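# Architecture at a glance
Each chain, letter by letter, is given below.
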Amino acid sequence: MIDILRDYLAQASSPEFMQGIDEAHAVLDDFGVEDYPDIFVQILMMDDVVDRGQTVQDVYDATRDLQVGLLKALGITVSDDARVTQLTVLLRGLKAIESFHDPHAILQHCELQSHPEELLAEVLGLTTGASAEELLVDLHGVDQPTIQRIVEVAIAMVEDQTPEGDRPDKTQYVQAWKRFREFTNSPPVLLERFFADGLDVGYPFTLYVNMIGPELETLPPDVIAANLVAMALISSDGNGNPRGMISAHIDTLLHDLELTTKVTVAANDLLLKCEIRLTTAIRTQLQTETPGDGQTNFLPEGDGG
């Protein structure tokens, strides 16, 4: 809080009010919000022409507007009834994610099959010590990219905290991804976008699902199937049984029966191709007619003329 505002509030408001505004402004500083002190200088300059109580209210309203705007920029819509002190808790909890001592716990909460608002409340419960139920009251909407960013930050922290020699071998997931991308005609565009942002393989299936969220249902059936198969193959719990993993979750991911049926058929077709690719050395079958005998030859890629 700037000194001129601190001096004013020390005379015009209660210690509790002043502390609440001070903490709110400290969090704005933590997020690097620029030029906001000018707003309060202008409010104080009007003190001579308005009631003192109005000036204090204007300070409160301006502080809350800044908090709401910052949360909106972070992909979060809050309740109209949420007070400055409550919004400070939300913002402080979001900032604390970047340095939280146990990023594994954050990732575990992001694996829950819940709406983005519930997932964020659970994560903020970790970083603030407040109950998720209380925090959820103030969360009216959370954009899916907000959850994605939290996952990306937590994954990067896990990698930084794990000595190179102790990091799990993720070769099987990388190889599964490469095999899958060799034959699919419907690229898993959402996963590819996340990989470009630094997403890693070898995490639980539901973690990848929650990063995509409701956007999954907006895609064509073959693309949905491609994303589900790819997520199962690169996941720590789905790689060994991708068909079973998809079957266990598809009813909660898709809410239209016809779409579910189409996606299931497409996913099974992709998985069959994947299994064939894994168990045979013949990567491409070229059907050729042998002149004169009417027989069909199947030649592996690279053979024949």
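Presented here is a report on the structure given in the accompanying data block.

## Notes on helix α7 (residues 116-128)
Here α7 is 13 residues long and its end C-alpha atoms lie 18 Å apart, about the 18 Å a rise of 1.5 Å per residue gives. For α7, the full list of buried residues reads P116, E117, L119, L120, A121, V123, L124, G125 and T127. Following α7 by one or two positions, G129 adopts a phi angle in the positive range, close to 85°.

## Description of the side chain of T206
With respect to the secondary-structure elements, T206 resides in helix α12 (residues 205-212). The contact partners of T206, leaving out residues within four places of it in the chain, are C110, E111, Q113 and H249.

## Examining the nonpolar core
Ranked by size, the top nonpolar core spans 92 residues in total, and within it L120, L191 and L228 carry the most contacts. With eleven residues, helix α13 (residues 221-234) is the largest single contributor of residues to this core. Look past the residues within four positions of L228 in its chain and what remains in contact with it is F205, L216, I246, I250, L253 and V263.

## Overview of the side chain of T260
Inspection of the secondary structure puts T260 in helix α15 (residues 257-279). The class of T260 is buried, set by a relative accessible area of 9%.

## Digging into the layout of surface pockets
Approximately 390 Å³ is the volume found for the largest pocket. Lining of the largest pocket is provided by 17 residues; of these, S114, G213, P214, T252 and L253 occupy positions nearest its centre. Breaking the lining of the largest pocket down by element, the ones donating at least two residues are α7, α9 (144-161), α12 and α14 (242-253). Ranked by residues supplied to the lining of the largest pocket, first place goes to α7 with three residues. Along the lines of polarity and charge, the residues of the lining of the largest pocket split into seven nonpolar, eight polar and two charged. By volume, the second largest pocket is sized at about 300 Å³. Per-element accounting of the lining of the second largest pocket gives the leading share, five residues, to α9. In terms of residue class, the lining of the second largest pocket is made up of nine nonpolar, two polar and three charged.

## Looking at the packing of α12 against α13
Two elements in contact, α12 and α13, have axes whose closest approach is 8 Å; the angle formed by their N-to-C orientations is 145°. Crossing angle aside, the handedness with which α12 passes α13 is right-handed. Touching F205, Y208, V209 and I212 of α12 are N227, L228, M231, A232 and I234, all from α13. Looking at side-chain class alone, the contact of α12 with α13 contains eight nonpolar, one polar and no charged residues.

## Concerning the packing of aromatic side chains
Summed over all chains, the structure comprises two aromatic pairs. Taken together, a centroid distance of 6.2 Å and an interplanar angle of 35° make the contact between F17 and Y60 tilted. Pair noted here: F17 is in helix α2 (residues 15-30) and Y60 is in helix α4 (residues 52-73), with a separation of 43 residues, a long-range link. In this structure Y60 comes out as buried when scored by relative accessible area, which is 13%. Residues Y36 and F40 carry aromatic rings whose centres are separated by 6.4 Å and whose planes lie at 85° to one another, so their mutual orientation is edge-to-face. Of the two residues, Y36 and F40, neither departs from the other in class, the shared state being buried.

Parameters and conventions
Throughout this description, residue numbers start from 1 for each chain and increase along the sequence as written. Thresholds applied to this predicted model are a pLDDT of at least 70 for local features of residues and 80 or more for the giving and counting of side-chain atom pairs; totals over whole chains, interfaces and linings are not thresholded and use all residues. Side-chain calculation: all heavy atoms of the structure are included, whereas hydrogens and water are not. Runs of E in the DSSP output that reach at least two residues are strands. Runs of H or I that reach at least four are helices, and both are numbered from the N terminus. By definition here, a helix of n residues has an expected span of 1.5 Å times n minus one. Think of it in three bands: residues with accessible area under 20% of the maximum for their type are buried, residues over 50% are exposed, and the middle band is partly exposed, with areas taken using a 1.4 Å probe on protein chains only. Residue contacts are defined here by distance: any two heavy atoms, one from each residue, within 4.5 Å place the two residues in contact. Think of a nonpolar core as a cluster: buried Ala, Val, Leu, Ile, Met, Phe, Trp, Tyr and Cys residues, connected wherever their side-chain atoms sit within 4.5 Å. Detection works on a 1 Å grid of protein atoms alone, calling trapped sets that fit a 1.4 Å probe cavities and calling open sets with protein on both sides within 12 Å along at least five of seven lines pockets, with lining residues defined by an atom within 4 Å of a point. Grid points are joined across faces, edges and corners, and a volume is the space filled by probe spheres set on the points. Each residue gets one of three labels, nonpolar for Ala, Val, Leu, Ile, Met, Phe, Trp, Tyr, Cys and Pro, charged for Asp, Glu, Lys and Arg, and polar for the others, Gly among them. Structural elements are reduced to axes, namely lines fitted to C-alpha atoms, with helices fitted over the stretch in contact, and the angle between N-to-C directions of any two is expressed from 0 to 180 degrees. We call a crossing left-handed when the near helix sits turned anticlockwise from the far one by less than a right angle, and right-handed when that turn is clockwise. Whether two aromatic rings pair depends on their centres lying within 6.5 Å, for rings of Phe, Tyr and Trp, where Trp uses its six-membered ring; planes under 30 degrees apart make the pair stacked, over 60 edge-to-face, and the rest tilted.

By themselves, these figures tell us nothing about what the structure is for.
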